[in-house]
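Structure at a glance
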Amino acid sequence: MTREAFWNLYVPGCGEHYLTHILRSHPDFIPELDLIIEMNGQIIGNVMYTKATLTDENGNVKPILTFGPVCVKKEFQRQGYSKKLLDASFKIARKLNYEAIVIFGMPSNYVGRGFESCYKHNVTMNQTYPTAMLVKELVPDTLKGHHWSYQESAALEIDQEKIDQFDKDFEPKIKQWQPSQEEFYIISHSTIQ
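Note that the coordinates shown come from a computational prediction; the quantities given were computed from them, not determined experimentally.

1. Focus: the nonpolar core
Formed by 24 residues in total, the largest nonpolar core has its most connected members in Tyr 49, Phe 67 and Ile 101. Secondary structure elements with two or more residues in this core: β1 (35-39), β2 (42-56), β3 (61-72), α3 (81-95) and β4 (100-104). The element contributing the most residues to this core is α3, with five residues. Discounting chain neighbours no more than four positions away, the residues touching Phe 67 are Val 47, Met 48, Tyr 49, Leu 86, Ile 101, Ile 103, Tyr 110 and Phe 115. By size, the runner-up hydrophobic cluster in this structure holds 14 residues, among which are Met 125, Tyr 129, Met 133 and Trp 148.

If you want it as structure tokens, here you go:
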């Protein structure tokens, strides 16, 4: 399902299915936030979370969350299922005492779920404000008054050679270019100043 949902979307081919495969065995993976949505006994969507951190200007570390991949089977996309998955996960995350979520994604996909620019929350990565880095406070004003540096989990660092090897276990698919890849490239390589 993940491979089909992401194939050729952001790059020719995809790596999200490999990430889904390896994530559950990583120590930063949070099983309570590995959610699925079913319809008629069929899994049509999934979201997975890992731990991440924010460090303030005084060196204080705040444990936070990041998610990805979040996917919905192609024929069920744009029907509100990812919204249901994410809203359910936000409730669980609050119960687990997490105060914020930082993700990298297309802003158009996430601002409707309460995500905002990292610039608005003074959250940087390598002293820059990436356009694709989005923040959701689960506890209002939890990030206010500080400058934060984001560190994602090492679980999200995946090797293209391992993706290619893993992909050999699936039916071959053609890797090709499509306009969404250029849009993703522009967003993921730009910063706010």
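2. Things to note about a nonpolar patch on the surface
Together, Met 1, Ile 36 and Ile 43 line one region of the surface with nonpolar side chains, adding up to about 230 Å² of accessible area. The topology assignment puts Ile 43 in strand β2. With a relative accessible area of 40%, Ile 43 lands in the partly exposed category.

3. What to know about the packing of aromatic side chains
For the coordinates displayed, the defined rule picks out twelve aromatic pairs. On the numbers, 4.6 Å between centres and 35° between planes, the contact of Tyr 10 with Phe 184 is tilted. Placement of the pair is Tyr 10 in the loop between α1 (2-6) and α2 (16-23) and Phe 184 in helix α6 (residues 179-188), with a sequence separation of 174 residues. Judged by its relative accessible area of 25%, Phe 184 falls in the partly exposed class. Residues Tyr 110 and Phe 115 carry aromatic rings whose centres are separated by 5.9 Å and whose planes lie at 75° to one another, so their mutual orientation is edge-to-face. Like Phe 115, Tyr 110 is buried.

4. As for the pairing of β2
Inspection of the sheet shows β1 paired to β2 by five bridges, in the antiparallel sense. Residue pairing for β2: Met 39 is matched across the bridge by Gln 42. Counting the residues that bridge the hairpin from β1 to β2 gives two residues, and of these Asn 40 lies at a positive phi of roughly 55°. Bridge count for β2 against β3 is ten bridges, and the pairing is antiparallel. Residue Leu 54 lies in a different strand from β3, and its bridge partner there is Lys 62. Turn length for the β2-β3 hairpin, with the two strands adjacent in sequence and antiparallel, is four residues, and the turn residue Gly 59 shows positive phi of about 90°. The pairing of β2 with strand β9 (residues 148-151) spans four bridges and is antiparallel. Considered in β9, the bridge of Thr 53 is made with Gln 151.

Rules and cut-offs
- Residues numbered from 1 in each chain as written.
- Predicted model: local features only at pLDDT ≥ 70, side-chain atom pairs only at ≥ 80, totals over all residues.
- Heavy atoms only, no water.
- Core = buried A, V, L, I, M, F, W, Y, C linked by side-chain atoms within 4.5 Å.
- Buried < 20%, exposed > 50% of the residue type's maximum accessible area, 1.4 Å probe, protein only.
- Helix = DSSP H or I, 4+ residues; strand = E, 2+ residues; numbered from the N terminus.
- Contact = heavy atoms within 4.5 Å.
- Patch = residues over 30% accessible without salt bridge, like charges linked within 9 Å, V, L, I, M, F, W, Y side chains within 5 Å.
- Areas by Shrake-Rupley, 256 points an atom, 1.4 Å probe, with all protein chains shown as cover.
- Salt bridge = Lys/Arg side-chain N within 4 Å of Asp/Glu carboxyl O.
- Phe/Tyr/Trp six-rings, centres within 6.5 Å; stacked < 30°, edge-to-face > 60°.
- Pairing = 2+ DSSP bridges.

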